[in-house]
Amino acid sequence: MRIQESGIILFTENYESAVDFYAAHMGLHVRERQANLTVFDFGRSYLMVERGGVGSSAEKSRAQNPTVLRFDVIDFDQAVQELLDRRVTVDVHIHSWGTIGVIIDPEGNRIELKKA
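All values reported here derive from a predicted model rather than from experimental measurement.

## Regarding the overall build of the chain
Consideration 1: Counting its regular elements, the chain contains 2 helices and 8 strands.
Consideration 2: Expressed as lengths along the three principal axes of its C-alpha atoms, the size of the chain is roughly 40 × 40 × 30 Å.
Consideration 3: Counting the 116 residues in the chain, one finds 39% classified as buried.
Consideration 4: When the accessible surface of the chain is totalled, it reaches about 7,400 Å², and 48% of it is carbon and sulfur.
Consideration 5: Here the chain contributes 13 positive and 17 negative side-chain charges, whose respective centroids are spaced 4 Å apart.

## Topic: the pattern of salt bridges
Consideration 1: Scanning all chains against the criterion turns up 8 salt bridges.
Consideration 2: Note that Glu16 is salt-bridged to Arg51, the shortest N-O span being 3.7 Å. Here Arg51 lies in strand E4 (residues 45–51) and Glu16 lies in helix H1 (residues 15–25), a separation of 35 residues in the sequence.
Consideration 3: Owing to a relative accessible area of 44%, Glu16 belongs among the partly exposed residues under this scheme.
Consideration 4: What makes Arg51 partly exposed here is its relative accessible area of 37%.
Consideration 5: A salt bridge links Arg31 to Asp41, with the shortest nitrogen-to-oxygen separation between them at 2.9 Å. Remark: Asp41 occurs in strand E3 (residues 37–42) and Arg31 occurs in strand E2 (residues 30–33); sequence separation between them is 10 residues.
Consideration 6: Its relative accessible area of 27% is what places Asp41 among the partly exposed residues.

## Some words on the sheet that holds strand E8 (residues 110–115)
Consideration 1: Judged by pairing direction, the sheet is mixed, and its 4 strands sit side by side in the order E5-E8-E7-E6 without closing on themselves. At either margin of the open sheet sits one strand with a lone partner, and together these are strand E5 (69–73) and strand E6 (91–95). Each neighbouring strand pair of the sheet contributes to a mean axis angle of 25 degrees, computed without reference to strand direction.
Consideration 2: Where strand E7 (residues 98–104) and E8 come together, 5 bridges link them in antiparallel fashion. Opposite Ile104, over in E8, you have Arg110 as the bridge partner.
Consideration 3: Packed on one face of the sheet, helix H2 (residues 76–85) meets E5, E6, E7 and E8 and runs near 145 degrees to E8.

## Remarks on the sheet that holds strand E1 (residues 7–12)
Consideration 1: Taken together, the 4 strands give an open sheet; going across it, the order is E1-E4-E3-E2, and neighbouring strands pair in mixed fashion. A single partner strand is all that each edge strand has here, and the edge strands are E1 and E2. With direction set aside, neighbouring strand axes in the sheet form an average angle of 20 degrees.
Consideration 2: The pairing of E1 with E4 spans 6 bridges and is classified as parallel. Bridging from a neighbouring strand, Gly7 pairs with Tyr46 of E4.
Consideration 3: With respect to the sheet, H1 is in contact with E1, E2, E3 and E4, its orientation differing from that of E4 by roughly 155 degrees.

Thresholds applied
- Residues numbered from 1 in each chain as written.
- Predicted model: local features only at pLDDT ≥ 70, side-chain atom pairs only at ≥ 80, totals over all residues.
- Heavy atoms only, no water.
- Helix = DSSP H or I, 4+ residues; strand = E, 2+ residues; numbered from the N terminus.
- Buried < 20%, exposed > 50% of the residue type's maximum accessible area, 1.4 Å probe, protein only.
- Areas by Shrake-Rupley, 256 points an atom, 1.4 Å probe, with all protein chains shown as cover.
- Lys, Arg positive; Asp, Glu negative; His and termini not counted.
- Charge placed at Lys NZ, Arg CZ, Asp CG, Glu CD.
- Salt bridge = Lys/Arg side-chain N within 4 Å of Asp/Glu carboxyl O.
- Pairing = 2+ DSSP bridges.
- Axes fitted to C-alpha atoms, helices over the stretch in contact; angles between N-to-C directions.
- Contact = heavy atoms within 4.5 Å.

Shape is all these values report; function is a separate question.
This is the structure in structure tokens:
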């Protein structure tokens, strides 16, 4: 198998809110936009946001969503500050294996920034 590109599809209940969050707050570039799906550049892959999911006002449990969106960032402190400036809550955790910043999107999905 020769993979050209990988991607993640995220099904959302509140599609417009999710698209706004990933574009305006997370700062992802919109590659393509249609009525029911939006494709963002996601490092060397893509993140596709579509209608048809189930949102949560709080962080989803692993049973509800066993996937975490992970951004390995070169300048962790700068990335955290950029997100804070865009009014995104980032909860920083320092572990023996590395540092992460935890973000919960409007649908209750967990996102992590990892210090590269």
